[in-house]
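# Breakdown of the fold
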Amino acid sequence: MLRVSRFFPTAPIGAYLVALAAGVALPLLIFVAYLMLELEANEREILANETAEDAQLIARSVDRELQDMSTTLRLLVTSRELENGDLRAFHNRTQNSLRSNSLYVLVVDADGQQRLNTRVPFGTSLGKISNPAALESILRSGVTEVSNVFFGTTSGKHVFNVSMPLPKEVSHSGAAMIITQNAEDLQKLISTEGLPTGWTVAVVDGSGHVVTSIGANALASGSAFPAGTLKLMTGFKGTIEDVDGDLKQMYGYAQITGWTWKAVVWGPIDAAQASILTTWRQLIAGGAIFLAVGMLIAWLVGRQLRIPIRQIAEMAERIGRGEIVSPVETKIREANQVAIALSNASFDRSQAEDRIHLILHELVHRTKNILTLVQAMMRQLARQDTTMEEFQNAISNRLQGLGKSIEALAKEQWGGVSIRRVIEIHMSTFAEVADRVELRGADFTLKAEAVQNLGLILHELATNSVKYGALSVPQGKVRIAWRDVADEDGGEVKLRLVWEERDGPRVREPSRTGFGTTIIKRHAAAAFGGQVEVDFRPEGLCWTLVAPRAAFERGEGAESLKDIAI
């Protein structure tokens, strides 16, 4: 017998209790640290969701502004002055109506030459627009588009345009109408309110340049947003994490619906999770104190446990030698209870050994039954005219079915399994068709032998049905029904079990019989002492077993391994 001293040094009980306290406290602290990591992960997930939502709210606000500008363009296109070609009147009326909104209208020719610009008085000499690429795009697509941000020559500021081609009926006035706005005016739509300290908001155009931005690290209009970070922003909405210098940043982004722009919200993750970091520091300090106090208390308790533990250890050694011992009395109540338990254990030892021998005998009996069944199955399969591969597959499939029955019996400690449970277990092997199997009959508990034999039969019937029968087609169904029937001689009650297939392929009686037929006919009849009828009806196979109910049902007096062990 190996002694503990071979693995651990000799030390007072107090030393081991101190180690025990550390062993208990450290996993607890590690678990708390794990919970903190989970909390941090959850907080980060919440932060990611909120950041994405903030970006989407800003995107919606900008979208409404762009939609309003687009709507304004559609209304202006229908003005009577434009239809009549009176650009002066159109200029004056549009300038007065849009001045309070900081919006300006341009009418341009196809080559980009401005015909009017409400930023300046009508008749002022005008050149070509500063962003001809956007004009070419809308003339080519024929739809309203928003431009990228650019520096406007007339305004002297960074601006953006919403442009639409003019319809044919007003084409004499120009090729396109543009409504323009200073990029800085969009700042009224975005805000850092509600965001963590040190976070920033930006609107980015389709070319990756900043339209406008506010916050701790606001970017200038027209400056390029970091291309590597922008490339990671895929999809309509989401969050990403990136490293900027020594800081780990979180970016929330949302595509502005129907336009090429994005709204982006970002900032340092540490700033958003400052409370978690504070809690981490408190946890480390508190954990160290907790560990030190626990180890001190364990050392003090160890001093009081030394004597009773030695006395109890001596009792245990005597029991190990087969002696019957009387309890010792100590100053610790729990130690006295252990001493009494050890004394009782010395008396119970011989009885426990007898129970173990009985259980082992019963297990040997159960194992022999199973091996006998497997041996008979292999002999019957060997008589078939099959190849070695077919023989191996047949053995493997049958053993799989038998294994499911044994597993179910083992869970019930060989006390029997209900007939519905047995059917469901074996139908679960064919999960894709299990919902097309209908069960009818009052549930009852099968004895162990019946579970194994019925499992083999059901496995064969199901396998055949999946390969050739009703379960081989989507519309096919199987009904498994059982009921008691009266014996014609008025003797013992019999059980009538029926496997009935319908809505499957047309059935023809096979020209030769294999091991499956042996199982469902001869083995079924022999195992349950009954009669089997197999009807190869064109509309579906019908298998019927009529046998004494006593061959199926577990009697009330039958014992399981659990009963024997009590």
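Calculation rules
Residues numbered from 1 in each chain as written. Predicted model: local features only at pLDDT ≥ 70, side-chain atom pairs only at ≥ 80, totals over all residues. Heavy atoms only, no water. Helix = DSSP H or I, 4+ residues; strand = E, 2+ residues; numbered from the N terminus. Contact = heavy atoms within 4.5 Å. Areas by Shrake-Rupley, 256 points an atom, 1.4 Å probe, with all protein chains shown as cover. Core = buried A, V, L, I, M, F, W, Y, C linked by side-chain atoms within 4.5 Å. Buried < 20%, exposed > 50% of the residue type's maximum accessible area, 1.4 Å probe, protein only. Phe/Tyr/Trp six-rings, centres within 6.5 Å; stacked < 30°, edge-to-face > 60°. Pairing = 2+ DSSP bridges. Axes fitted to C-alpha atoms, helices over the stretch in contact; angles between N-to-C directions. Patch = residues over 30% accessible without salt bridge, like charges linked within 9 Å, V, L, I, M, F, W, Y side chains within 5 Å. Salt bridge = Lys/Arg side-chain N within 4 Å of Asp/Glu carboxyl O. Polar contact = N/O pair within 3.5 Å; in protein donor to acceptor, adjacent residues only side chain to side chain. Parallel < 35°, antiparallel > 145°, perpendicular 65-115°, else oblique. Left-handed = near helix turned anticlockwise from the far one by under 90°. Expected span 1.5 Å × (residues − 1).

## Overview of the overall build of the protein chain
- Across its full length, the protein chain holds 13 helices and 18 strands.
- Put simply, 60% of the contacts in the protein chain that link residues at least 6 apart link residues at least 24 apart.
- Carbon and sulfur atoms provide 54% of the accessible area of the protein chain, an area that totals close to 31,500 Å².

## Some points on the nonpolar core
- Of all hydrophobic cores here, the largest spans 45 residues; its most connected members are Leu 66, Met 177 and Trp 261.
- Filtering out sequence-adjacent residues up to four positions away, Leu 66 remains in contact with Val 146, Phe 160, Val 162, Ile 256, Trp 259 and Trp 261.
- Counting 35 residues, the second-largest nonpolar core is a separate cluster that includes Leu 454, Leu 458, Leu 461 and Phe 528.

## Details of the side chain of Gln 249
- On the secondary structure map, Gln 249 appears in strand 10 (residues 247-255).
- On the basis of relative accessible area, Gln 249 is assigned to the buried category, the value being 3%.

## With respect to the packing of aromatic side chains
- Considering all chains together, one arrives at five aromatic pairs under this definition.
- Measuring from ring centre to ring centre gives 5.0 Å for Phe 160 and Trp 261, while their planes differ by 75 degrees; the resulting arrangement is edge-to-face. Here the residue Phe 160 occupies a position in strand 5 (residues 158-165), and Trp 261 occupies one in the loop between strand 10 and strand 11 (262-268), the gap between them amounting to 101 residues. With respect to class, Phe 160 is no different from Trp 261; both count as buried.
- Relative to Trp 266, the ring of Tyr 251 has its centre 6.1 Å away and its plane inclined at 15 degrees; by these criteria the two rings are stacked.

## Re the sheet that holds strand 8 (residues 210-215)
- Strand order in the open sheet formed by five strands is 8-7-11-10-9, with antiparallel pairing between adjacent strands. Pairing within the sheet leaves two strands with one partner each, and these edge strands are strand 8 and strand 9 (237-244). Averaged over neighbouring strand pairs, the angle between their axes works out to 20 degrees when direction is ignored.
- For strand 10 and strand 11, the ladder comprises seven bridges, and the chain directions are antiparallel. Looking at strand 11, one finds that Gly 252 is bridged to Val 265.

## Brief notes about the pairing of strand 11
- Among the seven residues that make up strand 11, seven are buried, leaving the element largely enclosed by the rest of the structure.
- Pairing between strand 7 (residues 200-204) and strand 11: five bridges, direction antiparallel. By the bridge assignment, Ala 202 is partnered in strand 11 with Val 264.
- The turn linking strand 10 back onto strand 11 is made up of six residues, and Gly 258 within it adopts a positive phi angle of 80 degrees.

## Some remarks on unusual backbone geometry
- A positive phi is found at Asp 503, a non-glycine position, where the angle reads about 65 degrees.
- Mapped onto the fold, Asp 503 is located in the loop between strand 16 (494-502) and helix 12 (515-528).

## Overview of a nonpolar patch on the surface
- A surface patch of nonpolar side chains, about 490 Å² in accessible area, is lined by Leu 28, Phe 31, Tyr 34, Leu 35 and Phe 290.
- At four residues, helix 1 (residues 13-77) tops the list of elements feeding residues into the nonpolar patch.
- As for its placement among the helices and strands, Phe 31 is situated in helix 1.

## Looking at the side chain of Thr 118
- Looking at where Thr 118 falls in the secondary structure, it is placed in the loop between strand 2 (114-117) and helix 4 (132-141).
- Within the local environment of Thr 118, its side chain forms a polar contact with the backbone nitrogen of Val 105, the two atoms lying 2.8 Å apart.
- Aside from chain neighbours lying at most four places away, what touches Thr 118 is His 91, Thr 94, Gln 95, Tyr 104 and Val 105.

## Quick look at the pattern of salt bridges
- For the structure on display, the rule yields 13 salt bridges.
- Ionic pairing is found between Lys 237 and Glu 53, a salt bridge with its closest N-O pair at 2.6 Å. Here the residue Lys 237 occupies a position in strand 9, and Glu 53 occupies one in helix 1, the gap between them amounting to 184 residues.
- Given a relative accessible area of 37%, Glu 53 falls into the partly exposed group.
- Notably, a salt bridge pairs Arg 479 with Glu 500, separated by 2.7 Å at the nearest N-O pair.

## Concerning the sheet that holds strand 16
- Pairing within the open sheet is mixed, and its five strands lie in the order 13-15-16-18-17. Only two strands of the sheet have a single partner each, and these edge strands are strand 13 (437-440) and strand 17 (531-537). On average, each strand axis in the sheet is tilted by 10 degrees relative to the strand beside it, whichever way the strands run.
- Sheet analysis places strand 16 next to strand 18 (residues 540-548), joined by seven bridges and oriented antiparallel. Note that in strand 18 the partner of Lys 494 across the bridge is Pro 548.
- Sheet strands in contact with helix 10 (residues 419-427) are strand 13, strand 15 (477-485) and strand 16, and its direction is about 170 degrees off that of strand 13.
- Docked against the sheet, helix 11 (residues 448-467) engages strand 15, strand 16 and strand 18, running at close to 15 degrees with respect to strand 16.

## Some details on the environment of Phe 236
- Its place among the elements puts Phe 236 in the loop between helix 5 (227-231) and strand 9.
- A sequence separation of 21 residues divides Phe 236 from Thr 257, and the C-alpha atoms of the two residues are 8.5 Å apart.
- Setting aside residues no more than four positions away along its own chain, Phe 236 makes contact with Gln 56, Tyr 253, Ala 254, Gln 255 and Thr 257.

## As for the packing of helix 10 against helix 11
- In the contact formed by helix 10 and helix 11, the axes pass within 10 Å of each other and the chain directions differ by 40 degrees. Between helix 10 and helix 11, the interaxial angle falls into the category oblique. The way helix 10 lies across helix 11 gives a crossing that is right-handed. Between helix 10 and helix 11, the contacting residues are Ile 419, Val 422, Ile 423, His 426 and Met 427 on the first element and Val 451, Leu 454, Gly 455, Leu 458, His 459 and Ala 462 on the second.

## Section: the environment of Val 243
- On the secondary structure map, Val 243 appears in strand 9.
- Separated by 25 residues in sequence, Val 243 and Pro 268 have C-alpha atoms that sit 9.2 Å apart.

## Some thoughts on helix 11
- Taking 1.5 Å of rise per residue, the 20 residues of helix 11 would be expected to cover 28 Å, and the 29 Å separating its terminal C-alpha atoms lies within 8% of that figure.
- With 16 of its 20 residues buried, helix 11 lies for the most part within the structure.

## Considering the pairing of strand 13
- By the alternation rule, side chains of strand 13 split into Val 437 and Leu 439, which are all buried, and Glu 438 and Arg 440, of which none is buried.
- Here strand 13 runs beside strand 15; their pairing, made up of four bridges, is parallel. For Arg 440, the partnering residue across the bridge sits in strand 15 and is Ala 481.

## A few points about the environment of Asp 535
- Structurally, Asp 535 is set in strand 17.
- Residues Asp 535 and Glu 500, spaced 35 residues apart in sequence, show a C-alpha to C-alpha distance of 9.5 Å.

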